[in-house]
Amino acid sequence: MTEIPEEKRAAALRAVADAGARRAELLAEADRILVEEIQPRAVEAARLGAGRNRIRELAHVGPAMLYRWLEEAGLPVREKRG
């Protein structure tokens, strides 16, 4: 039996929707891990004197994010370079 174009488009859209839903679930899980697991551990490592570059490398976060976390936790952070 031949599929009509509308059916093909509907199937393609369902595939996009399925992939988009899976991506949204993974991003939500990644965000939860970042906030609940990585952030507090990164702050604790900084409190214990670990190097900030090493923390960033292991946490896979950028400097702006790490320094924001540290500042929010009350740890000293130098002023951003101009």
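Rules and cut-offs
Residues numbered from 1 in each chain as written. Predicted model: local features only at pLDDT ≥ 70, side-chain atom pairs only at ≥ 80, totals over all residues. Heavy atoms only, no water. Axes fitted to C-alpha atoms, helices over the stretch in contact; angles between N-to-C directions. Helix = DSSP H or I, 4+ residues; strand = E, 2+ residues; numbered from the N terminus. Parallel < 35°, antiparallel > 145°, perpendicular 65-115°, else oblique. Contact = heavy atoms within 4.5 Å. Nonpolar A, V, L, I, M, F, W, Y, C, P; charged D, E, K, R; others polar. Core = buried A, V, L, I, M, F, W, Y, C linked by side-chain atoms within 4.5 Å. Buried < 20%, exposed > 50% of the residue type's maximum accessible area, 1.4 Å probe, protein only. Salt bridge = Lys/Arg side-chain N within 4 Å of Asp/Glu carboxyl O.

Trainee: I'm lost on the packing of helix H1 (residues 5-47) against helix H3 (residues 63-72) in this one. Help?
Mentor: The angle between the axes and the distance between the axes are what describe a pair of packed helices. The N-to-C vectors of H1 and H3 enclose an angle of 75 degrees; their axes lie 10 Å apart at closest approach. In terms of orientation, H1 lies roughly perpendicular with respect to H3. Within the contact between the two elements, H1 uses Leu-34, Ile-38, Gln-39, Ala-42, Val-43 and Ala-46 and H3 uses Met-65, Leu-66, Trp-69, Leu-70 and Glu-72. Looking at the contact of H1 with H3 residue by residue, the class counts come to nine nonpolar, one polar and one charged.

Trainee: Just to check I follow, could you spell out the nonpolar core for this structure?
Mentor: In globular proteins that are soluble, nonpolar side chains generally tend to be buried together. Core analysis: the biggest nonpolar cluster contains 11 residues, these being Leu-34, Ala-42, Val-43, Ala-46, Ile-55, Ala-59, Val-61, Leu-66, Trp-69, Leu-70 and Leu-75. Listed by contribution, the elements that provide at least two residues to this core are H1, helix H2 (52-59) and H3. Top element by residues in this core is H1. It accounts for four residues.

Trainee: Can you help me understand the pattern of salt bridges in this one?
Mentor: Note that side chains of opposite charge can pair when their charged atoms are close. Overall, the coordinates contain seven salt bridges when judged by the stated rule. The partner of Arg-41 in a salt bridge is Glu-37, and the shortest N-O contact between them spans 3.7 Å. Of the two residues, Arg-41 and Glu-37 both sit in helix H1, four residues apart, roughly one turn of that helix. Arg-41 sits in the exposed class, given a relative accessible area of 58%. Where salt bridges share partners, they join Glu-29, Arg-32, Glu-36, Glu-37 and Arg-41 into one cluster.

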